[in-house]
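This is what each chain is made of:
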Amino acid sequence: MIAIRLEARFLRAAFVAVFACLSLSGCISAKMYVDPGLPAVAKADLPVAPHPEPVQVLFEFRTKGNANAKATARIAPRVISAATASGLFTQVSNTPQDGAGILKIVIDNVPLTDNAAAKGFGTGLTFGLAGSIVTDGYICTASYSRGGHTTETTLKHSIYTTIGNHEGPKGLTAMEPESAVNLAMDQMAWNALKQLADKHAFD
Amino acid sequence: MLGGCVSQPAMTYQASIDNTEVLLAHPTGKLSVGHVDAAAGVANAHLSVRGSELTGGSDGTFAGYLHDALTTELKAAGRFDASSATRIDATLTHNELDGGAVKNAKAVLAARFVVSKDGKTAYDKVLTASHQWESSFIGAVAIPAAFQNYPAAMQKLVAKLFNDPEFIRAAGMGPATTAAR
């Protein structure tokens, strides 16, 4: 009977300890690595649009196909900045303008690692010793429409996240989460513009 | 601890691309948004998910969130005019956020939408939208997922309105065209 009580007390103490450790969360670090698959694209890599027009940018970030308002609000200004800096348009806005084309960009975050949450939870339970790595996939669908003509393109990207004691992918540089996400989103926006330009969408 | 028992306001409503495209496809007609409230007994101030609470939008109510949704969508498509004689009023008749399930969570929203032109009712219909997403046994995953998906459910409710041909006719938005798409 005493043994059972001690065991219960021990289990309770252990649970509280794990609970407390997880609540601190700062003790287990997460690092992100951006997949090198997409080339770096800048304004100099884009053709000069022969007749630039104003454009309305429609952007939506989705998580597993469902609209993600928080991420949309956070990423939309970056997409608009990329469109503005590209020099492909005379004016860039997220509201309708007379004679404007419509640039539509949807980025869908599709987790490529099964049970990512459970893996992270397991890492937390072992105080980060049993590290884990998860991969987030991003499918970017972009289109440009004007005068009844639409040009479309699709591209894919990935971010790898290590939690706790786990090595990152070889040859990739570890980044802070915010920097990694910003870099990946910017790369997708610029590459989408490049691919649309290569398809003569803005001619 | 573990991010449980929190109370947070619904994310600022963002226009849905699908809704914007539907509205852009109809070249004419501008609307104002009038009074939006909640029916008696409908959760209008907060929704509970595993002990945590989601609160309403800019005015602290979900009726206000529906008002924001209608205004935001119409503005994104250039179809909003605060002085338009064609007006949308609405009453939130159902507001359910069920994030308690281990596997599949859901939100069910319904509202009565009334469109009036110069004070005359041109459209009066109750519309319902259901939205599902993958949940988790881990509260720290399930609760944010539920809060994140509420705006998507609201987008679907508004989409029901904008995709209703009777609404398009009542709002005087003209026949669809692909020119703007």
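The following refers to the structure shown. (Residues numbered from 1 in each chain as written. Chains lettered and ligands numbered in written order. Predicted model: local features only at pLDDT ≥ 70, side-chain atom pairs only at ≥ 80, totals over all residues. Heavy atoms only, no water.)

### Remarks on the packing of aromatic side chains
Here is step 1 of the chain: Overall, the coordinates contain nine aromatic pairs over all chains when judged by the stated rule.
Here is step 2 of the chain: Arranged with centres 5.3 Å apart and planes meeting at 90 degrees, the rings of A:Phe89 and A:Phe202 form a pair that is edge-to-face. Here A:Phe202 lies in the segment after helix H4 (177-198) and A:Phe89 lies in strand E4 (residues 89-93), a separation of 113 residues in the sequence.
Here is step 3 of the chain: The class of A:Phe89 is buried, set by a relative accessible area of 8%.
Here is step 4 of the chain: Note that B:Lys75 overlies the ring of B:Phe80, its terminal NZ or CZ placed 5.3 Å from the centroid. (Phe/Tyr/Trp six-rings, centres within 6.5 Å; stacked < 30°, edge-to-face > 60°. Helix = DSSP H or I, 4+ residues; strand = E, 2+ residues; numbered from the N terminus. Buried < 20%, exposed > 50% of the residue type's maximum accessible area, 1.4 Å probe, protein only. Lys NZ or Arg CZ within 6 Å of the ring centre and 35° of its normal.)

### Things to note about the pairing of strand E7 (residues 149-163) of chain A
Residue and element names in this part refer to chain A.
Here is step 1 of the chain: When strand E1 (residues 30-34) meets E7, the two strands line up antiparallel, connected through five bridges. What sits directly across from Val34, in E7, is Ile159.
Here is step 2 of the chain: With 15 bridges joining them, strand E6 (residues 132-146) and E7 adopt antiparallel strand pairing. Paired with Ile133 across the two strands is Thr162, which belongs to E7.
Here is step 3 of the chain: In sequence, E6 turns back onto E7 through a hairpin of two residues, with Gly147 there showing a positive phi of about 60 degrees. (Pairing = 2+ DSSP bridges.)

### So, helix H1 (residues 17-24) of chain B
Here is step 1 of the chain: Within H1(B), seven of the eight residues are buried, which leaves it mostly tucked inside the rest of the structure.
Here is step 2 of the chain: Within H1(B), the full set of buried residues consists of B:Ile17, B:Asn19, B:Thr20, B:Glu21, B:Val22, B:Leu23 and B:Leu24.
Here is step 3 of the chain: For H1(B), the elements touching its buried residues are strand E2 (53-63) and strand E5 (101-111) of chain A together with helix H2 (62-76) and helix H3 (139-162) of chain B.
Here is step 4 of the chain: Its side-chain oxygen placed 3.2 Å from the backbone nitrogen of B:Asp18, B:Ser16 serves as the N-cap of H1(B). (Contact = heavy atoms within 4.5 Å. Polar contact = N/O pair within 3.5 Å; in protein donor to acceptor, adjacent residues only side chain to side chain.)

### Looking at empty space enclosed by the protein
Over the atoms rolls a probe the size of a water molecule, and its path tells where empty space is left.
Residues and elements named next belong to chain A.
Here is step 1 of the chain: This model, assessed by the stated rule, comprises one cavity of 30 Å³ or more.
Here is step 2 of the chain: Here the largest cavity is characterised by a volume of approximately 30 Å³.
Here is step 3 of the chain: Contributing to the lining of the largest cavity are Pro47, Val48, Ala49, Ala197, His200, Ala201, Phe202 and Asp203. (1 Å grid on protein atoms, 1.4 Å probe; cavity = no way out; pocket = protein on both sides within 12 Å on 5 of 7 lines; lining within 4 Å. Points joined across faces, edges and corners; volume = space filled by probe spheres on them.)

### Considering the packing of H1(B) against H2(B)
Residues and elements named next belong to chain B.
Here is step 1 of the chain: In contact at an axis separation of 8 Å, H1 and H2 are set at 55 degrees when each is read in the N-to-C sense. Here H1 is positioned oblique relative to H2, judged by the angle of their axes. H2 is crossed by H1, and the crossing has right-handed handedness. Between H1, through Asn19, Thr20 and Leu23, and H2, the contact on the second element is made entirely by Glu73, Leu74 and Ala76. (Axes fitted to C-alpha atoms, helices over the stretch in contact; angles between N-to-C directions. Parallel < 35°, antiparallel > 145°, perpendicular 65-115°, else oblique. Left-handed = near helix turned anticlockwise from the far one by under 90°.)

### Section: the sheet that holds strand E4 (residues 52-55) of chain B
All names here are of chain B.
Here is step 1 of the chain: A sheet is described by the order of its strands in space; here three strands give the open sequence E1-E4-E3, paired in mixed fashion. Of all the strands in the sheet, the pair left with one neighbour each is strand E1 (7-9) and strand E3 (46-49). Adjacent strand axes in the sheet meet at a mean angle of 25 degrees when their direction is disregarded.
Here is step 2 of the chain: Pairing between E1 and E4: three bridges, direction parallel. Paired with Ser7 across the strands is Glu53, a residue of E4.
Here is step 3 of the chain: Seen against the sheet, H3 touches E1, E3 and E4 and runs at an angle of roughly 15 degrees to E4.

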